[in-house]
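The primary structure of each chain is shown beneath.
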Amino acid sequence: MFLVSTLFICYISKYVLNKRNQRNCFMLHYECYKGQDERKLDTETCAKIVQRNENLGLEEYRFLLRTMVSSGIGEETYGPRNVLEGREASPTLLDAQSEMDEIMFDTLDKLFHKTKGLVSPSDIDILVVNVSLFAPSPSLTSRVINRYKLREDIKSFNLSGLGCSASVISIDIVQRIFETRENSFALVVSTETMGPHWYCGKDRSMMLSNCLFRAGGSSVLLTNAPRFKNRALMKLVTAVRAHVGSEDEAYSCCIQMEDKDGHPGFLLTKYLQKAAARALTLNLKVLLPRVLPLKELIRYAIVRAFKGITTTKGESTNSGIGLDLKTGLDHFCIHPGGRAIIEGVGKSLGLTEFDIEPARMALHRFGNTSSGGLWYVLGYMEAKKRLKKGDKILMMSMGAGFESNNCVWKVLKNLDDKNVWEDSIDRYPETSKIPNPFLEKYDWINDDTMSFVRV
């Protein structure tokens, strides 16, 4: 009986330990795409692209240049090849495939090189590729499997239409699969195809996407194998998803469509800000109690019950929602969707200029790279040597649907790789307001006396 009891206890202990290990999600490495110098969209190139659009009148031209001036995007972002070659009005399937191959294979080649001796392509059990505006056949996952000769029993998932928050959705999918598979490895590839979806019309709400979105993407290697804990960069603490697509205005505030002249593009409406605020609020209601200390939650409950949502005098880190996020979180990885988004999220959560700096600098250097954008922000934090062992990072993303998908990572070692920022990190952050090259050459666009002109 003693032997049987001992064996039973050992079995239960092993079962519980395995289940616990299966809930692990370690990040072993990540890589971001950086284009070649000839792919950069500087001031002159952007202006030439705008001038090529024969559908624009003077007012639309001024609107586009004004948007560029206030966008927070710099001189070194990367554009799709067909647009730089002047073929934005007549993209081909090959243009889209080439753009995807360049981003996916560049980041995956670097990732496998950096983890050589640790993980090989034949070790990959799960593959998730997300891209919103391109769904070829065979799928993008099939292109990756063919390129790297991945195993026949690999579990592959090809996600489309999920917008800028697809990377966190992919992470959540991997974590859930990890719960049913021991000692597994997963790849998450996040990108977007810009070239075939360049808007050539004159609807102002649809022209915004041309000003913000740029070519970019990332690849991330994950595992739940406990033996790699000491080799991992971070561990996933929690992931939360919120979707408000049941509301008609939220569903249609960020949508792919054709304008009245038949030009396809991406429509961004004025309801976007409201939908984003609602989705983010729903998300944080679930996520924050998981990561903030009980003491802070009790303090918040007392303040809310007796005084409403207020801040304690002298507490500069208290957020606009009434919670001091710094009690449980150290860094804030905000999706670099645009200057207004970054500053709006920072203000509503009571974040400092230091907190939102990584997102602002990622937007300036690389633009809005859709679902891959979060990893450029994370790369900035690492290149600046901000990430120390034990730190917790909140990743916040929003995307079409409308949805908000957030997750929290715990840093497992001091990180200092300059990664994709290697050639530019020493120039950031700007000590003063980030200079905008459009202002010097196109400052006439802000002259309201020009508005009497109608073309």
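Residues numbered from 1 in each chain as written. Predicted model: local features only at pLDDT ≥ 70, side-chain atom pairs only at ≥ 80, totals over all residues. Heavy atoms only, no water.

Comments concerning the nonpolar core
Okay, so step 1: Core analysis: the biggest nonpolar cluster contains 119 residues, and L222, M234, W375, L378, F402, W409 and W421 have the highest contact counts within it.
Okay, so step 2: Setting aside anything within four residues of it in sequence, one finds L222 in contact with C25, F26, M27, I171, V174, F178, S184, F185, A186, V188 and W409.
Okay, so step 3: Listed in part, the 16 residues of the second largest apolar core include C46, L56, L64 and C211. (Core = buried A, V, L, I, M, F, W, Y, C linked by side-chain atoms within 4.5 Å. Buried < 20%, exposed > 50% of the residue type's maximum accessible area, 1.4 Å probe, protein only. Contact = heavy atoms within 4.5 Å.)

Digging into a nonpolar patch on the surface
Okay, so step 1: Residues L294, I298, I302 and F306 make up a contiguous nonpolar surface patch of roughly 470 Å² in combined accessible area.
Okay, so step 2: Residue placement: F306 occurs in helix α11 (residues 294-306). (Patch = residues over 30% accessible without salt bridge, like charges linked within 9 Å, V, L, I, M, F, W, Y side chains within 5 Å. Areas by Shrake-Rupley, 256 points an atom, 1.4 Å probe, with all protein chains shown as cover. Salt bridge = Lys/Arg side-chain N within 4 Å of Asp/Glu carboxyl O. Helix = DSSP H or I, 4+ residues; strand = E, 2+ residues; numbered from the N terminus.)

Observations regarding helix α8 (residues 204-212)
An α-helical turn contains 3.6 residues, so a residue and the one three or four places further along point in the same direction.
Okay, so step 1: If you check which residues of α8 are buried, you get M206, M207, S209, N210, C211 and L212.
Okay, so step 2: Of the surrounding secondary structure, the elements contacted by the buried residues of α8 are α3 (58-70), β7 (254-258) and β8 (264-268).
Okay, so step 3: If you check the start of α8, you find a side-chain oxygen 2.9 Å away from the backbone N of S205, and it comes from D203. (Polar contact = N/O pair within 3.5 Å; in protein donor to acceptor, adjacent residues only side chain to side chain.)

Quick notes on the pattern of salt bridges
Okay, so step 1: Enumeration according to the criterion identifies 25 salt bridges in this entry.
Okay, so step 2: We note a salt bridge from D95 to R87, for which the minimum N-O separation is 2.8 Å.
Okay, so step 3: Judged by relative accessible area, R87 falls into the partly exposed class, the value being 26%.

Interpretation in functional terms is not warranted from these geometric data alone.
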